[in-house]
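Chain and residue survey
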2 protein chains.
Amino acid sequence: MAELAELGEAELIAKLSCFAAAGQFDDDAALLAPDQQLQRVISTDAMVEGVHFSANTTPAFSVGWRAAAANLSDLAAMGCLEAEGITVALAAPGHTPLAWVEAVYGGLSALLKRHNCQLLGGDCSSAPVVMLAITAIGKVAADRLIRRGAGRAGDRLVVSGPHGLSGLGLQLLQNPNDPATSHLSESLKQAAIKAHQQPIPRFDAVAALHQSQPAACPWRVAGTDSSDGLRRSLELLGNACGHQPMLDLNMGPLEPWCLDGGEDFELVLALDPLWADNFVAQLPGAQCIGWLGDKPGPPCWLSNKKPLPVGRGYEHFKGN
Amino acid sequence: MAELAELGEAELIAKLSCFAAAGQFDDDAALLAPDQQLQRVISTDAMVEGVHFSANTTPAFSVGWRAAAANLSDLAAMGCLEAEGITVALAAPGHTPLAWVEAVYGGLSALLKRHNCQLLGGDCSSAPVVMLAITAIGKVAADRLIRRGAGRAGDRLVVSGPHGLSGLGLQLLQNPNDPATSHLSESLKQAAIKAHQQPIPRFDAVAALHQSQPAACPWRVAGTDSSDGLRRSLELLGNACGHQPMLDLNMGPLEPWCLDGGEDFELVLALDPLWADNFVAQLPGAQCIGWLGDKPGPPCWLSNKKPLPVGRGYEHFKGN
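Parameters and conventions
- Residues numbered from 1 in each chain as written.
- Chains lettered and ligands numbered in written order.
- Predicted model: local features only at pLDDT ≥ 70, side-chain atom pairs only at ≥ 80, totals over all residues.
- Heavy atoms only, no water.
- Helix = DSSP H or I, 4+ residues; strand = E, 2+ residues; numbered from the N terminus.
- Buried < 20%, exposed > 50% of the residue type's maximum accessible area, 1.4 Å probe, protein only.
- Contact = heavy atoms within 4.5 Å.
- Areas by Shrake-Rupley, 256 points an atom, 1.4 Å probe, with all protein chains shown as cover.
- Pairing = 2+ DSSP bridges.
- Phe/Tyr/Trp six-rings, centres within 6.5 Å; stacked < 30°, edge-to-face > 60°.
- Axes fitted to C-alpha atoms, helices over the stretch in contact; angles between N-to-C directions.
- Parallel < 35°, antiparallel > 145°, perpendicular 65-115°, else oblique.
- Nonpolar A, V, L, I, M, F, W, Y, C, P; charged D, E, K, R; others polar.
- UniProt positions renumbered as here; feature names shortened; annotations may be inferred.
- Salt bridge = Lys/Arg side-chain N within 4 Å of Asp/Glu carboxyl O.

**Quick word on the overall build of chain A**
For chain A, the count of helices and strands is 10 helices and 12 strands. Relative to its 320 residues, chain A shows a buried fraction of 57%. For chain A, the proportion of contacts with a sequence separation of at least 24, taken over those separated by at least 6, is 86%. Surface exposure of chain A reaches about 12,600 Å², of which carbon and sulfur atoms provide 53%.

**A short note on the pairing of strand β10 (residues 267–271) of chain B**
Residue and element names in this part refer to chain B. Extensive coverage of β10 is indicated by the burial of five of its five residues. The two faces of β10 match: Leu267, Leu269 and Leu271 on one face and Val268 and Ala270 on the other face are all buried. Bridge count for strand β7 (residues 156–159) against β10 is four bridges, and the pairing is antiparallel. Among the inter-strand pairings, valine 159 is bridged to a residue of β10, identified as valine 268.

**Focus on the packing of aromatic side chains**
Residue and element names in this part refer to chain A. Taken as a whole and judged by the stated rule, the model has four aromatic pairs over all chains. Their ring planes at 35° and their centres at 6.2 Å tell us that phenylalanine 61 and tryptophan 65 sit as a pair that is tilted. You can see phenylalanine 61 and its partner tryptophan 65 sitting in helix α3 (residues 60–76), four residues apart, about one turn around the helix. Note on tryptophan 65: relative accessible area 7%, which makes it buried.

**Looking at the pairing of strand β5 (residues 131–140) of chain B**
All names here are of chain B. Of all 10 residues in β5, 10 are buried; the element is thus mostly enclosed. Residue alternation in β5 divides its side chains into two sets, Met131, Ala133, Thr135, Ile137 and Lys139 and Leu132, Ile134, Ala136, Gly138 and Val140, and both sets are buried. Looking at chain direction, strand β2 (residues 39–48) and β5 are connected through 10 bridges and run antiparallel. Counted as the bridge partner of arginine 40 is lysine 139 from β5. Pairing between strand β3 (residues 83–92) and β5: eight bridges, direction antiparallel. If you follow alanine 89 over to β5, its bridge partner there is alanine 133.

**Observations concerning the packing of helix α5 (residues 165–174) of chain A against helix α6 (residues 186–197) of chain A**
Residues and elements named next belong to chain A. Running from N to C, α5 and α6 point in directions that differ by 105°, and their axes come no closer than 7 Å. Of the possible angle classes, the one that applies to α5 and α6 is roughly perpendicular. The residues of α6 that touch α5, namely those facing Leu165, Ser166, Leu168, Gly169, Leu170, Leu172 and Leu173, are Leu188, Lys189, Ala192, Ile193, Ala195, His196 and Gln197. Here the contact of α5 with α6 is built from residues that sort into nine nonpolar, four polar and one charged.

**A closer look at the sheet that holds strand β8 (residues 221–225) of chain B**
Residues and elements named next belong to chain B. The strand order β6-β8-β10-β7-β11-β9-β12 describes an open sheet built from seven strands, whose pairing is mixed. In the strand order of this sheet, the two ends are held by β6 (146–147) and β12 (300–301), each with one partner. The sheet contact formed by β6 and β8 spans two bridges and is parallel. Looking at the pairing, isoleucine 146 lines up with valine 221 of β8.

**As for the sheet that holds strand β12 (residues 300–301) of chain A**
Residues and elements named next belong to chain A. The strand order β6-β8-β10-β7-β11-β9-β12 describes an open sheet built from seven strands, whose pairing is mixed. Edge positions in the sheet fall to β6 (146–147) and β12, since each of these pairs with one other strand and no more. Helix α7 (residues 203–212) rests against β6, β8 (221–225) and β10 (267–271) of the sheet, and its axis sits at about 15° to β10. In this fold helix α10 (residues 273–282) packs onto β7 (156–159), β8, β10 and β11 (287–292), with an angle of close to 20° to the strand it touches most, β7.

**Topic: unusual backbone geometry**
A positive phi is found at Phe265(A), a non-glycine position, where the angle reads about 60°. Within the secondary structure, Phe265(A) sits in the loop between α9 (256–259) and β10. With a phi close to 55°, Asn116(B) is a non-glycine residue in the positive phi region.

**Digging into the UniProt feature "binding site: Mg(2+) 4" (unreviewed entry) in chain A**
The UniProt entry lists Asp28(A), Ser43(A) and Asp74(A) under the feature "binding site: Mg(2+) 4" (unreviewed entry), expressed in the numbering used here. Turning to its location among the elements, Asp74(A) is positioned in helix α3.

**Regarding the environment of Cys217(A)**
Residue and element names in this part refer to chain A. Note that cysteine 217 resides in the loop between α7 and β8. Overall, the relative accessible area of 8% leaves cysteine 217 in the buried class. Considering only alpha carbons, one finds cysteine 217 and leucine 271, 54 residues apart in sequence, at a separation of 9.8 Å. Each residue touching cysteine 217, except ones within four places of it in the same chain, is listed here: Asp272, Leu274 and Trp275.

**Considerations on the pattern of salt bridges**
Taken as a whole and assessed by the stated rule, the structure comprises 16 salt bridges over all chains. Salt-bridge contacts for Arg66(B) lead to Glu263(B); the nearest nitrogen and oxygen are separated by 2.6 Å. Placement of Arg66(B) in helix α3 (residues 60–76) and of Glu263(B) in the loop between α9 (256–259) and β10 is noted, with a sequence separation of 197 residues between them. The shortest N-O distance in the salt bridge between Arg156(B) and Asp277(B) comes to 3.1 Å. One end of the pair, Arg156(B), is in strand β7; the other, Asp277(B), is in helix α10 (residues 273–282), with 121 residues separating them in the sequence. A relative accessible area of 18% places Arg156(B) in the buried class. By relative accessible area, Asp277(B) is classed as partly exposed at 39%. Through salt bridges with shared partners, a single network forms among Arg202(A), Asp204(A) and Glu266(A).

**Focus on the environment of Ala103(A)**
Residue and element names in this part refer to chain A. With respect to the element layout, alanine 103 can be found in helix α4 (residues 98–114). By relative accessible area, alanine 103 is classed as partly exposed at 27%. For alanine 103 and alanine 60, which are 43 residues apart along the polypeptide, the C-alpha to C-alpha distance reads 5.4 Å.

Here is the structure:
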């Protein structure tokens, strides 16, 4: 099996060019299609071996899929209905098998194909561990943006889907024989593992936002994605809007492990109540989870105003 | 002195936001300005500690400057007259001093300011070594592109400036007391070190191309930058055009160490002879170095058709 050490950079790039449009890797930089009067959006995210994924629990296909999905999810969280393309900087040790790298790009390519998005270009470099830095570009009509700070008091908090599935999937992969999860159905286990290994950027939720906009509501959507966990996205949203997110347990179950699981890549939105009702009716799996309060403050329970229980979200650099 | 381990990701990002426009880091992705009917160009490059730079010979300021310059140079090599902005994915160990990271962004920022370019956004992550992956976006009129494959037989090969200075600078930094370089003037030494630590993307050479275009010549410019060495850029150009680059020693000195030094970030162009003469007259330091031959082939000397001496260019993954 060929290793990168046997190939060198140029040959590796030639090998990888089959994952992009013909000629796309032939110049010093990649071309984007000419554009109409739309707002361009660009997002960058890195995944590092041993930090964002482990070769033990994450197959190469899923490393690529997840890296691309994380970036595209950021574009959806800005209101893009689709992504134009991505660039990929890959750094990896010389002993990395070519097949592993090709499987990474295979996963990446499969996610891109699902969303009609192009691999535009990139860079390959040696490094002591695998790092994948992806930049994604999208377009959005300037008056259809989703911004974190657009929420107002009385807005409903809405999620595009359930939280915690991806975290459960990781737990199942790390401890397949854990008695704590042995009672779960096989179909739920498979769904959780799939949610972890092949998350879906919610462009469909953005489309549902467009379709569910009431005639009486001008476009005003606050939102972010829950890539760092539901609690973190509520914090970001609440801080940016200056209104305290208040979670209503009557609206649905919210186990603590749903708050900090992370990597669910759902949209977390604050909407006019009328729009929120339409949206939840429009999009299967979407759910109202609470309200934006009158004043600033950290996310709390609506019933007793107590802050959410302290979580275990991942912090980079702190040696979790 | 604060270390990243004490800050965590969010606080680091907050610290780094002062290097970008106000509010630029506030959302899930960064916005590009709305655009006219121009071709967008995007380029990605990664720099890895121990591979592209060593903390011993490269001050943090220069790590940032060079990483940004390398990306902007790719945009110039596509014909962009300027860059719009860049995103940066930074990965670094928890024990990295904050001051080091701020100096990196300081260097990056200084280069961007020089070229009126914005830091648009990015991502920070922990990793066992420092990696800086940069993506740059630029615009160019679709009929003013520089493409590697645009050269024709009889075109003159032109460089925007001298080669080897950056390599000499690195040598001086690695062995300041080397007898082989002790005879060089102090001003040359300083120029070489500056060329290595603070290379300049040659947008000015693109402007000179526009200014020197003869009325009789339609726009047709073949080119690339010499980031991987002059020999490598001649290979890329020759292969893409299907014409053998032939170097004319009578046109100027070309020591072997000028061929493979790398990281000079000059433009290497193939132009109509009339245009080439105008261009060299227009741009101080620019020089004709040879011709494109009738047939395909590797770079050779014009005088005896012998291939250039085998080089020592850097190959990723191969454990140089």
